[in-house]
Amino acid sequence: LLIKQAAGASFAITQLFWDADVYTSFLERARRAGVTLPVVPGIMPATDPGRLRRVGALTGVEAPQRLLDEAERAEFGAAFGARLVRGVIDAGAPGVHLYTFNKSRPVLDILDLMGITSGTKENH
């Protein structure tokens, strides 16, 4: 990240994670290393256990079993995502990047729970 900053990067987006403490810990280490650019947390809505497993296999970031067990309930996935977004924002994140994987509904559900969208289908 420090090399990317030196090459002119103006911000960075993290890979996905499942706990706000992972983001804050990473950010603390990056700051100690001299990274000063904004680091935006990358968050994936947890609504599809199959997708969670595939992304885990690709990235090495395995979803916790409790998340896999509950992920099929859309309201759980949106609530989990909203808590994670709130956790990183409360920790000082400059914003968030929500990975959609071409599925807007889970992201819109998170935004609805956070009061960011109107919740009406016409606006989606």
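Please refer to the structure higher up on the page.
Residues numbered from 1 in each chain as written. Predicted model: local features only at pLDDT ≥ 70, side-chain atom pairs only at ≥ 80, totals over all residues. Heavy atoms only, no water.

So, about the overall build of the protein. The helix and strand tally for the protein stands at 6 helices and 4 strands. Looking at the protein alone, contacts between residues at least 24 apart form 68% of all its contacts between residues at least 6 apart. For the protein, the accessible surface area stands at approximately 7,200 Å², while carbon and sulfur atoms represent 55% of it. (Helix = DSSP H or I, 4+ residues; strand = E, 2+ residues; numbered from the N terminus. Contact = heavy atoms within 4.5 Å. Areas by Shrake-Rupley, 256 points an atom, 1.4 Å probe, with all protein chains shown as cover.)

Enumeration over the complete set of coordinates arrives at 3 salt bridges. Of the charged contacts in the structure, one is a salt bridge between Arg105 and Asp112, with a shortest N-O distance of 3.6 Å. Here Arg105 falls in the partly exposed class, since its relative accessible area comes to 31%. (Salt bridge = Lys/Arg side-chain N within 4 Å of Asp/Glu carboxyl O. Buried < 20%, exposed > 50% of the residue type's maximum accessible area, 1.4 Å probe, protein only.)

The next thing to look at is the nonpolar core. With 32 residues, the main nonpolar core has Trp18, Tyr23, Ile43, Leu52, Leu67, Phe80 and Val88 as its most contacted residues. For this core, the secondary structure elements donating two or more residues are α2 (20–32), α3 (49–59), α5 (74–90) and α6 (104–113). Top element by residues in this core is α5. It accounts for 7 residues. If we ignore the near neighbours within four places in the chain, the residues touching Ile43 are Phe17, Leu84, Val85, Val88, Val96, His97, Leu98 and Tyr99. (Core = buried A, V, L, I, M, F, W, Y, C linked by side-chain atoms within 4.5 Å.)

Turning to its location among the elements, Thr14 is positioned in the loop between β1 (12–13) and α2. Judged by its relative accessible area of 12%, Thr14 is buried. From its side chain, Thr14 meets the backbone nitrogen of Gly42 in a polar contact 2.8 Å long. (Polar contact = N/O pair within 3.5 Å; in protein donor to acceptor, adjacent residues only side chain to side chain.)

Let's shift gears to the environment of Leu113. By the element assignment, Leu113 lies in helix α6. Note on Leu113: relative accessible area 52%, which makes it exposed. Once residues within four sequence positions are removed from consideration, Leu113 is found in contact with Ala78, Ala79 and Ala82.

Looking now at the packing of aromatic side chains. According to the stated counting rule, one finds 2 aromatic pairs in the structure shown. Ring geometry for Phe17 versus Tyr23: centroids 6.1 Å apart, planes at 20°, classification stacked. As far as burial versus exposure is concerned, Phe17 and Tyr23 are alike and both buried. Measuring from centroid to centroid gives 6.4 Å for Trp18 and Phe80, while their planes differ by 50°, and the two rings are tilted. On the criterion of sequence distance, the pair formed by Trp18 in the loop between β1 and α2 and Phe80 in helix α5 is long-range, its members being 62 residues apart. A relative accessible area of 9% means that Phe80 is categorised as buried. (Phe/Tyr/Trp six-rings, centres within 6.5 Å; stacked < 30°, edge-to-face > 60°.)

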